[in-house]
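Observations on the three-dimensional arrangement
These are the residues of each chain, in order.
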Amino acid sequence: MEEKILTLLSEEYPEIDFTASNELVDDGILDSLTITGIIATLTMEFGITIPYEEIVEKNFNSIAGLARMVEKLQ
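First, a word on what this report is: a plain description of the structure on this page. (Residues numbered from 1 in each chain as written. Predicted model: local features only at pLDDT ≥ 70, side-chain atom pairs only at ≥ 80, totals over all residues. Heavy atoms only, no water.)

Details of the nonpolar core
Just so we agree on the cut-off: Here, nonpolar core means buried Ala, Val, Leu, Ile, Met, Phe, Trp, Tyr and Cys residues that are tied together by side-chain atoms lying within 4.5 Å of each other. Only protein chains enter the calculation, and the probe is 1.4 Å; a residue is then buried if its accessible area is under 20% of its type maximum, exposed if over 50%, and partly exposed in between. Starting at the N terminus, helices and strands are each numbered in turn, a helix being any DSSP run of H or I of at least four residues and a strand any DSSP run of E of at least two. Should any heavy atoms of two residues lie within 4.5 Å, those residues are counted as being in contact.
In terms of nonpolar packing, the biggest core is built from 23 residues, with Ile 5, Phe 18, Ile 38, Leu 42 and Leu 66 touching the most fellow members. Secondary structure elements with two or more residues in this core: helix H1 (2-12), helix H2 (32-46) and helix H4 (63-73). Setting aside its immediate chain neighbours within four residues, Leu 42 contacts Ile 5, Leu 8, Gly 47, Ile 48, Ile 50, Leu 66, Met 69 and Val 70.

Dropping the structure here:
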């Protein structure tokens, strides 16, 4: 799952190195607009709905966090 998400987001956002940090939000690599785009991308790709309470730093700080969230919501 992590590899699939990394590939998907790397294609969608080639300017962002998603492997550069395990604190993408905390380090300022991801901003709110990018997070909104990631939510839309994951929603369309995996057919999930990401509820507001899941939009927290721990879920978006790393590819591993995103993968855990997607797997939980599937």
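Digging into the side chain of Thr 34
Note that Thr 34 resides in helix H2. When its relative accessible area of 13% is taken as the criterion, Thr 34 is described as buried.

Description of the packing of H2 against H4
As a reminder, the rule being used: Axes here mean lines fitted to C-alpha atoms, for a helix over just the part in contact, with angles spanning 0 to 180 degrees between N-to-C directions. Angles below 35 degrees are treated as roughly parallel, those above 145 as roughly antiparallel, those between 65 and 115 as roughly perpendicular, and all remaining angles as oblique. By definition, turning the near helix anticlockwise from the far helix through less than a right angle yields a left-handed crossing, and turning it clockwise yields a right-handed one. Just so you know the grouping, Ala, Val, Leu, Ile, Met, Phe, Trp, Tyr, Cys and Pro go in nonpolar, Asp, Glu, Lys and Arg go in charged, and all remaining residues, Gly too, go in polar.
Contact pair H2 / H4: the axes reach a minimum separation of 12 Å and the direction vectors enclose 45°. On the basis of the axis angle, H2 is oblique to H4. For the pair H2 and H4, the sense of crossing is right-handed. Counting all contacts with H2, which are made through Ile 38, Leu 42 and Phe 46, the residues of H4 involved are Leu 66, Met 69 and Val 70. Split into classes, the residues belonging to the contact of H2 with H4 amount to six nonpolar, no polar and no charged.

A closer look at the pattern of salt bridges
Pairing between side chains of opposite charge can happen when their charged atoms approach one another. Stated formally: Salt bridges, as used here, are contacts in which a Lys or Arg side-chain nitrogen is within 4 Å of a carboxyl oxygen on Asp or Glu.
In this structure the tally under the stated criterion is two salt bridges. A salt bridge links Glu 54 to Lys 72; its shortest N-O distance comes to 2.7 Å. Here Glu 54, found in the loop between H2 and helix H3 (57-60), pairs with Lys 72, found in helix H4; they are 18 residues apart in sequence, far enough to count as distant. On the accessibility criterion, Glu 54 (12% relative accessible area) is buried.

Some details on the environment of Gly 28
Checked against the element boundaries, Gly 28 lands in the loop between H1 and H2. Counting along the chain gives 23 residues from Gly 28 to Ile 5, while the straight-line C-alpha distance between them is 20 Å.

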